[in-house]
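Reading the structure
Here is how the chains run, residue by residue.
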Amino acid sequence: MVWASADAQRPVNLQRGVDVGGGKSFTEAGRQLFLQAGRNDVRVEAVGDSIETWSNGKPGAVVRDAMTLHGFIAFQVHTIGQDASKLASEIRGKNVRLTDLTPQDNTLSAREKSDGWRLLWDGKTGKGWRGAKLQGFPTKGWEMKDGVLSVLPSGGKEAAAGGDIVTTARYSDFELLVDFRITEGANSGIKVFCQPNLDPVTGTGAKADTGSAIGLEYQILDDLRHPDAKLGRDGNRTLGSLYDLLTAGPAKRPEPVGEWNTARIVSKGRHVEHWLNGSKILEYDRGSEAFSAAVSASKFKSIPGFGLWADGHVLLQDHGDRVSFKNIKIRTTEASK
């Protein structure tokens, strides 16, 4: 998946960088590239959320649609209604070819680089990461193998083995992409605005001797098998939710256990969005009345200014279950200007 605007809710039609909407000007621009008589060569390139077209070797449109990242290739049969003059019409096609442009894991395409994306994990080493309570990367509890970063199982306890890992850098406004894969009954999370210097808390909000570092957590969970899905309030500990605070909406469509999912977290000012596999499943504003009420009713109620930090680390959680990550990449606001 490649860049999509943080507030994009519809496809954007572009004539090589100029937004022409979906009206007559866009249609007329396409007609200028089309031969009414004779053969037309059409090329369509789909990479992530970006679809580009060429007609007869000339660039046409760029459509960016973060809501539809997967689908079929189809040829359309369009009715001509009662127009008798078109009864003999036909469209023929040949030389249909398909090239797979799927990028290799833990790499960036040329377009992603130009759009300001950076890899947060290189697929091989702990560069750019450290233990949440350590100066370096944990020496146990985590595995890097075949381009996959995995928490090793240790009995389901929170931060009791290798512990959470955090980025060495801190971030505020950003778009974050993470592919993750869970095992049966697994629990983990992706935290943003993480503050490793704060003490972990128990379910009552009291200080805990051990536990996960404090931050805003995009919950990763096997909703069907892990008991946490039935705890909290109104499902606010389920997959994609803001853990123990706000519940992900019904639009979420996770892949089955053992398959890869893509989490996307967008932060712009105090506005935050959670996406799963191309669908927006939650949005909230840090410091809003609804957010503050949720904090007051949560395990984080005793932490002054919870969730209102100016910036913080990105965290991958060790909750004692095997969960895997790859294709971890970030795009900051500064890079998008």
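Residues numbered from 1 in each chain as written. Predicted model: local features only at pLDDT ≥ 70, side-chain atom pairs only at ≥ 80, totals over all residues. Heavy atoms only, no water.

Considering the overall build of the protein chain
Summing up its helical and strand segments, the protein chain has four helices and 18 strands in all. Residue burial in the protein chain is summarised as follows: out of 337 residues, 45% are buried. At a minimum sequence separation of 6, the contacts of the protein chain that also span at least 24 residues come to 66%. With the model as given, the accessible surface of the protein chain reaches about 18100 Å², and the carbon-plus-sulfur share is 52%. (Helix = DSSP H or I, 4+ residues; strand = E, 2+ residues; numbered from the N terminus. Buried < 20%, exposed > 50% of the residue type's maximum accessible area, 1.4 Å probe, protein only. Contact = heavy atoms within 4.5 Å. Areas by Shrake-Rupley, 256 points an atom, 1.4 Å probe, with all protein chains shown as cover.)

So, the side chain of E45
Looking at where E45 falls in the secondary structure, it is placed in strand β3 (residues 42–47). Among the residues examined, E45 registers a relative accessible area of 18% and is labelled buried. A polar contact is formed between the side chain of E45 and the side chain of R43, at a distance of 2.9 Å. Side-chain polar atoms of E45 contact the side chain of R111, separated by 3.4 Å. Residues in contact with E45, not counting those within four places in the same chain, are S50, I51, E52, W54, L101 and R111. (Polar contact = N/O pair within 3.5 Å; in protein donor to acceptor, adjacent residues only side chain to side chain.)

With respect to the side chain of E175
Here E175 lies in strand β11 (residues 174–182). Exposure remark for E175: the relative accessible area of 6% places this residue in the buried category. A polar atom in the side chain of E175 sits 3.1 Å from the side chain of R264.

Quick notes on the sheet that holds strand β7 (residues 129–131)
The antiparallel open sheet is built from five strands, whose spatial order is β7-β10-β17-β12-β13. Looking at the sheet topology across the chains shown, the edges are occupied by β7 and β13 (214–221). Across the sheet, the mean angle from the axis of one strand to that of its neighbour is 25°, orientation sign disregarded. Across three bridges, β7 lies against strand β10 (residues 165–167) in antiparallel orientation. Note on β10: the bridge partner recorded for W129 is T167. (Pairing = 2+ DSSP bridges. Axes fitted to C-alpha atoms, helices over the stretch in contact; angles between N-to-C directions.)

Re the pairing of strand β4 (residues 50–55)
Bridging between β3 and β4 involves six bridges; their strand directions are antiparallel. Among the inter-strand pairings, V42 is bridged to a residue of β4, identified as S55. Where β4 lies against strand β5 (residues 58–64), five bridges are found, and the strand directions are antiparallel. Considered in β5, the bridge of E52 is made with V62. The hairpin formed by β4 and β5 contains two residues between the paired strands, and N56 there has a positive phi angle of roughly 55°.

A short note on the nonpolar core
Counting residues in hydrophobic clusters, the biggest one holds 48 residues, and the most contacted among them are L176, I190, F306, F325 and I328. If you tally residues by element for this core, the top one is β11, at five residues. Among the nonpolar cores identified, the runner-up in size contains five residues, and A132, V166, A213 and L315 belong to it. (Core = buried A, V, L, I, M, F, W, Y, C linked by side-chain atoms within 4.5 Å.)

Quick notes on the packing of aromatic side chains
Summed over all chains, the structure comprises five aromatic pairs. When the centroid spacing of 5.3 Å and the interplanar angle of 75° are considered together, the rings of F306 and W309 count as edge-to-face. Through a chain of ring-to-ring contacts, three or more aromatic side chains come together here, namely Y243, F300, F306 and W309. Residue placement shows R43 over the ring face of W54; its charged tip is 4.1 Å from the ring centre. (Phe/Tyr/Trp six-rings, centres within 6.5 Å; stacked < 30°, edge-to-face > 60°. Lys NZ or Arg CZ within 6 Å of the ring centre and 35° of its normal.)

A closer look at the confidence of the model for the protein chain
Of all residues in the protein chain, 87% have pLDDT values of 70 or greater, and the mean over the chain is 87. The low-confidence segment residues 1–11 (pLDDT under 50) makes 38 contacts with residues lying over four places distant or belonging to another chain. (pLDDT = per-residue confidence, 0-100.)

Points about the pattern of salt bridges
Under the criterion given, the structure shown has 18 salt bridges. R39 is the salt-bridge partner of D41, the closest N and O atoms lying 3.1 Å from each other. The exposure class of D41 is partly exposed, given its relative accessible area of 42%. For R39, a relative accessible area of 54% corresponds to the exposed category. For E184, the salt bridge is made with R225, and the minimal N-O distance between the two is 3.9 Å. (Salt bridge = Lys/Arg side-chain N within 4 Å of Asp/Glu carboxyl O.)

Some remarks on the pairing of β11
Of all nine residues making up β11, eight are buried, and the element is well covered by its neighbours. Sheet topology places β11 next to strand β18 (residues 323–332); eight bridges connect them, and they run antiparallel. Along β18, the bridge assignment pairs D179 with K326. Two elements, β11 and strand β14 (residues 261–268), share seven bridges in a ladder whose sense is antiparallel. Bridge assignment links F180 to a residue of β14, and that residue is N261.

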